[in-house]
Every structure is written in structure tokens, then in C-alpha cells.
Amino acid sequence: MVFAEQREGKVAPVAYELLGAGRRLADELGTRLVAVLLGAEEGEAGELIRWGADRVILCSDPSLEKFNDDTYSQALAKIITEQRPSIVLAGATPIGRSFIPRVAAKVRTGLTADCTSLEIDKETGNLLQVRPAFGGNIMATILCPGYRPQMATVRPRVMKRGEYDPERAGEIVNADLGGLRSRTKVLESVREVSSVAVNLHETEFIVAGGRGIGGEKGYKLLEELAGALGGAVGASRAAVDEGWIPYSHQVGQTGKTVNPKVYIACGISGAVQHLVGMQSSDIIIVINKNPEAPIFNVATYGIVGDLFEIVPLLTKKIKEIKGP
Amino acid sequence: MDIIVCIKQVPDTAEIRINPETNTLMREGVPSIINPFDLHALEAALQIREQLGGRVTVLTMGPPQAEVSLREAVSMGADEAVLLSDRAFAGSDTWATSYTLARAIKKLGAHLIFCGKQAIDGDTAQVGPETAEFLDMPHISYIRKIEEVRDDYIRVERMMDDGYDVVESSLPVLLTVVRELNQPRMPSLKGKMAAKKAVIKKMGMADIDAREEDLGLRGSPTQVKNIFAPEIRAERRMIGGTAEEQVYTLIKELRESKCL
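Residues numbered from 1 in each chain as written. Chains lettered and ligands numbered in written order. Predicted model: local features only at pLDDT ≥ 70, side-chain atom pairs only at ≥ 80, totals over all residues.

Enquirer: Teacher, can you tell me more about the overall build of chain B here?
Expert: A tally of helices and strands in chain B yields seven helices and 15 strands. Dimensions along the principal axes, computed over C-alpha positions, put chain B at roughly 65 × 40 × 40 Å. Within chain B, buried positions represent 48% of all 260 residues. Summarising the internal contacts of chain B: among those between residues at least 6 apart in sequence, 69% fall at separations of at least 24. (Helix = DSSP H or I, 4+ residues; strand = E, 2+ residues; numbered from the N terminus. Buried ≥ 20, exposed ≤ 12 C-beta atoms within 10 Å, placed from the backbone. Contact = placed C-beta atoms within 7 Å.)

Enquirer: Whenever I open this one, the interface of chain A and chain B confuses me. Can you help?
Expert: Tallying the contact residues gives 67 residues for chain A and 66 residues for chain B. If one sorts the elements of the side of chain A that touches chain B by residue count, helix α4 (residues 94–107) of chain A sits on top with nine residues. Of the residues that constitute the side of chain A that touches chain B, the class distribution is 36 nonpolar, 17 polar and 14 charged. When strand β13 (residues 184–191) of chain A meets strand β11 (residues 163–170) of chain B, the two strands line up antiparallel, connected through seven bridges. Within β11(B), the position partnered with Ser189(A) by the bridge is Asp165(B). (Nonpolar A, V, L, I, M, F, W, Y, C, P; charged D, E, K, R; others polar. Pairing = 2+ DSSP bridges.)

Enquirer: For this particular structure, what's the right way to read the packing of α4(A) against helix α4 (residues 127–134) of chain B?
Expert: A pair of packed helices can be characterised by two numbers: the angle between their axes and the separation between those axes. At a minimum axis separation of 8 Å, α4(A) and α4(B) run at an interaxial angle of 45 degrees. One element, α4(A), and the other, α4(B), form an angle in the oblique class. The two elements α4(A) and α4(B) cross, and the hand of that crossing is right-handed. Within the contact between the two elements, α4(A) uses Ser98(A), Phe99(A), Pro101(A), Arg102(A), Ala104(A), Ala105(A) and Lys106(A) and α4(B) uses Pro129(B), Glu130(B), Ala132(B), Glu133(B) and Phe134(B). Tallied by class, residues from the contact of α4(A) with α4(B) come to seven nonpolar, one polar and four charged. (Axes fitted to C-alpha atoms, helices over the stretch in contact; angles between N-to-C directions. Parallel < 35°, antiparallel > 145°, perpendicular 65-115°, else oblique. Left-handed = near helix turned anticlockwise from the far one by under 90°.)

Enquirer: Is there a simple way to explain the sheet that holds strand β14 (residues 205–209) of chain A in this structure?
Expert: Paired through their backbone hydrogen bonds, the strands of a sheet run either parallel or antiparallel. Taken in spatial order, the six strands line up as β15(A)-β14(A)-β16(A)-β17(A)-β18(A)-β15(B) in an open sheet, and their pairing is parallel. The open sheet has two edge strands with one neighbour each: β15 (232–235) of chain A together with β15 (237–239) of chain B. Between one strand axis and the next, the sheet turns by 20 degrees as a mean value, whatever way the strands run. Direction of pairing for β14(A) relative to strand β16 (residues 262–266) of chain A: parallel, over a ladder of five bridges. Bridging from a neighbouring strand, Ile206(A) pairs with Tyr263(A) of β16(A). Along the sheet, helix α6 (residues 216–229) of chain A contacts β14, β15 and β16 of chain A; its crossing angle with β14(A), the most-contacted strand, is approximately 175 degrees. Across the face of the sheet, helix α9 (residues 307–322) of chain A comes into contact with β16, β17 (283–288) and β18 (301–304) of chain A while running at roughly 135 degrees to β17(A).

Enquirer: So what exactly am I meant to see when it comes to the domain arrangement of chain A here?
Expert: Frequently, the measure chosen for interface size is the accessible area that the parts lose on association. Residue and element names in this part refer to chain A. By the assigned domains, chain A splits into domain 1 (2–174) and domain 2 (195–322). The C-alpha-based centres of domain 1 and domain 2 are spaced at 32 Å. Listed per partner, the contact involves twelve residues of domain 1 and eight residues of domain 2. Among the residues forming the side of domain 1 that touches domain 2, the class breakdown is five nonpolar, four polar and three charged. (Domains from an automatic or database assignment.)

Enquirer: Please clarify how unusual backbone geometry should be interpreted in this entry.
Expert: One can expect most non-glycine residues to show negative phi and most peptide bonds to be in trans. Between Arg148(A) and the following residue, Pro149(A), the backbone shows a cis peptide bond with an omega angle of 0 degrees. Counting through the fold element by element, Pro149(A) comes out in the loop between β10 (138–143) and β11 (150–154). In this chain, Leu171(B) is followed by Pro172(B) through a cis amide linkage whose omega measures 0 degrees. Among the secondary structure elements, Pro172(B) is positioned in the loop between β11 and β12 (173–177). The backbone of Asp114(A) shows a phi angle near 55 degrees, a positive value even though the residue is not glycine. Turning to its location among the elements, Asp114(A) is positioned in the loop between β7 (111–112) and β8 (117–120). Even without glycine at this site, Tyr142(B) takes up a positive phi of about 45 degrees. Its 24 C-beta neighbours within 10 Å are what place Tyr142(B) among the buried residues.

Here's what the structure looks like:
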């Protein structure tokens, strides 16, 4: 079962990615894939089928139109209790991370956050849930053997979408849940479109800095390189924690997940916490003084050297190529 | 206003390394700190106490040495500190941790409960919302601003991906906070003295009316099967030479792969 998150009636892209992963798991288990869509219209439900769902449980109760932890957790827990799925997947978005834990508490089962890989154990049929642990310095495989469903959240852009089939048929079921109660109320939703966030997700080049940039002076060098490339500046948690780069630039498990064409990591040691947010980039260039830095493990091109020397040279060369 | 702040003592994850031979975490000598998000939670609680009066209790679940973190919280201004510690709690996952915390909070009683949005060792962000569910209480996540708080009402800004929501709730309520909310204060001299003298209240399984089968490893639905180091990218190429040569080679490679 996939929880298909929507905002303002529009399904979030992560839902289609989860359907890709869910389709693969359902086929392996020989079971059907159900999507749950709360507070949206039937048109969107059709899209979920074309992206791989066999069945959509649609609940258009007005109390579900806007995200609300209380009504969402009651609704999903009710559906889970009735349908008894063996696996439930949800996006590790602000919405999913907020209410899915309540659902796990309600139905008395385990929940694994931010999975980077989901596979079925051939012997037991259990879901093998891989996630970064200990500040992302190591990966852990988590099992939930004694309870059902096995619940997991996955960050946006981690799983790949499946095949879109415009002809694909499926079943849409309207669920009447009734009796949803809420103790909190959203008075207003304010959009603050951060140009940084947009850029990190859409740009082809990201120049990111970590502890090795040493301060705002290092940050300036990254900005210049990003500017020459027409890209954006990213940051590791270390650089954000030091206060050198604002949080909105943070890439990694507690920041954004990005996959540009080229990711240039400067002075980033490479905790898994950072790697999970950028390792699906097409080309990763690593510039670091320390040849032992774990970030070199994911590099396409590795340069052992001083970023204060390399980055300005690189900026200069790129400006020459691109012309004025 | 009675406020409980849940804090967690965590290893400073920035200092953790993997032993490349054994593939295990090297935890020796890694300093323990209060989870950074929890400091913002404590600061928020202290500010509300200053405004409305009341008491701020810090609560942590952990081994006996977590007392150090509680004393640090007292030095920042918490009135009371409670250590929730018992062998029966060992090996708790987020479900069992939330259940245990909720049992203790029920005993202690509070109008407002603050948590950091997540702990830096697990990064799950699950314990706050799950605890609220076990308390049958609403919660609001990622609070970046408290607009108004009264004895029976709170209005806050919740940070979302594309902006923020203004959310209101009746009390009691559990709130998880983000860094943007405030700047945690430094301990005062008076606070440091108080921390030395503070009597840490201890609670165990017998004090919280918990079902033993729901505690610790036994009560935890999830299990860690194994841990491993991340994979190495297969097509890696190291570029040597002087800085000029390195940049030259890199540019050449990027042009060949049509990136420039």
C-alpha cells in the first residue's frame, strides 16, 4: 500500500516514485498494489493507476483536503486496519514524517524512516529496509518481522518511477471513513518559494561545501564557481551547523535530496548523511585535502588538493570556456 | 503552565567514524551532547515560562550517564529533571521509546510538551509524533515560530517544504521544533550552581504503569538485522598532478562527457 500525498489536490511526485518501488515489491510478493489518496478528486486517482497502482482507495472527506495530523492519521490507520496490507510506504516529506509515526503507533507496528533501499528477503518474505544510521555514518538493514504492516518512509527522489501506462486499468474505491475528529486547525498556508530550493532541485550543476571551506570566504569561492557554471550552491550539515551556509542549501538526509548532472563536493568529508542526498548525481567531482575522506568513495573524479587553490582555477577556466 | 521538554543524550555524530577493518562504529572517545534540536525545544519552554509562569521539567530516557545532559539542561534554567532509566527499556526502537516516554509524561502531567524535531543519531523524527499519539494528544511538527500561547490555546508556524502553515491547537499539545525557532541560551553562573545541587528524579518501569511486554527490545517491532559501510562508486578516477594539471584534466574529462 502506498500513501499518495497530495497538496491542493495535486499528487506529490514522491507518490509516483513510491508506486514504482511498490509495483516491484507487489510483483515479487504476487500481491496487488493499493494507493491511498486522501482529500483529492477522482482524476488524480486515475493517474495513480497509470503509474502502477491496481486499486486506489479514495476518500474525499472535506476534513482531508488540507493536511491535518489528526484526521490523516485516523483515516490511514482505519484503512490499514480494514485492508491489512503487508507493507505501507509513504513519502518522507514534512507531511509524511509528521503523521505517519502516529499511524504506526495506532496500529502497533514498526516504522523505518528514510529508507534508501527496499527489497524482499527471499527466504522469509520480510521487507529488508535499508537506511542510514548514526548520523549517517553507516547503513543499517531494518526488519519488522513480528508485526504487520511493515511501514517505511522514503525521501523524494530516492526511488525511481515505474512505467507510465496511459491504457492501464484499475479500480477506484470511494471510502467513507466518517467520524474523523481534529484538535488542530490550519488557519493559513503561506508559500515562500525559496529560489535556492528551486535551484537545487532543477539545476544541472551543484557546487557544495563542507567543513573544509573554513568559513564565509570559502563560501564565496563556491558561489563564484556555481555562478560561472550557472549552477547552485549546496552545503553539508557541517557547513550549515557552523553557520557558514544557510540551512536552505543543505543537501543530505536532513536537508535536500538532489541529483544534478554534476555535483562538485568541496571540503566535504562525506558522512553517509550527506551521501544519501547526492549520490545519485550523474557525475560527482570531489575536491578534498584528505585522501582518506569517505566522500572519495562516491566520486567519479577525485582530486586530492587544496580547494582554495583548485576552485578559483576551475572558475577561471570555466569562464574562459563559456566566454563573457 | 507545566511544560515538559523531552531531551536525548546523543553521540556527537560529526565525530563518529567507521573502523574500515571491522566495519563497526568507533564510538570510543566520541563526546556525548544534548541533541542540538532539543536545546531549541528547551529554550522555547523557558521563554514561555518567563511569559506565563509555571515549571519546566526536562525528561530523558537513557542510561544512568544521561544524567549529565539533564544537569546541563538545569544549568540553562530547567526547574526539574527526570531520568527515565531501567534495564527493561534497553534496546527500544521508536515505538517502544515513544510508549515509555508517554507513560512517564502521563505520570508527570503537563500542558505543553516540547521535543526537538529529530535526534541527530537516528534522524527519524518519529518519537515526537508517536509519543503524542500514545498520549492521545494532538501534535504540531517543525515549529519555527510561536505566534501566541495562552493557558488553553497555542498558535504557531509550522515549517513546510514550500513555506509555512499557521496552525492552532487547544492544550495539551506536543510540539516538535526546528532550529529557526530561537537561539538557545548559554548556562548562567546561577544555573551552573543549581545544576550541581539539583536532585535528579529517577523513574523506572515500576513508576510508569507500563506493560512490560511493550518495553525495550521485546516491545520493539523493528529490529536491526545488520549494519554495513556504504558502497564505493565503481567508475572512480583519481586525478593527480599539480593544481593546474588537475584542473586541466578535469575540464578535459567534463568536455568529453559533454558536461561543459
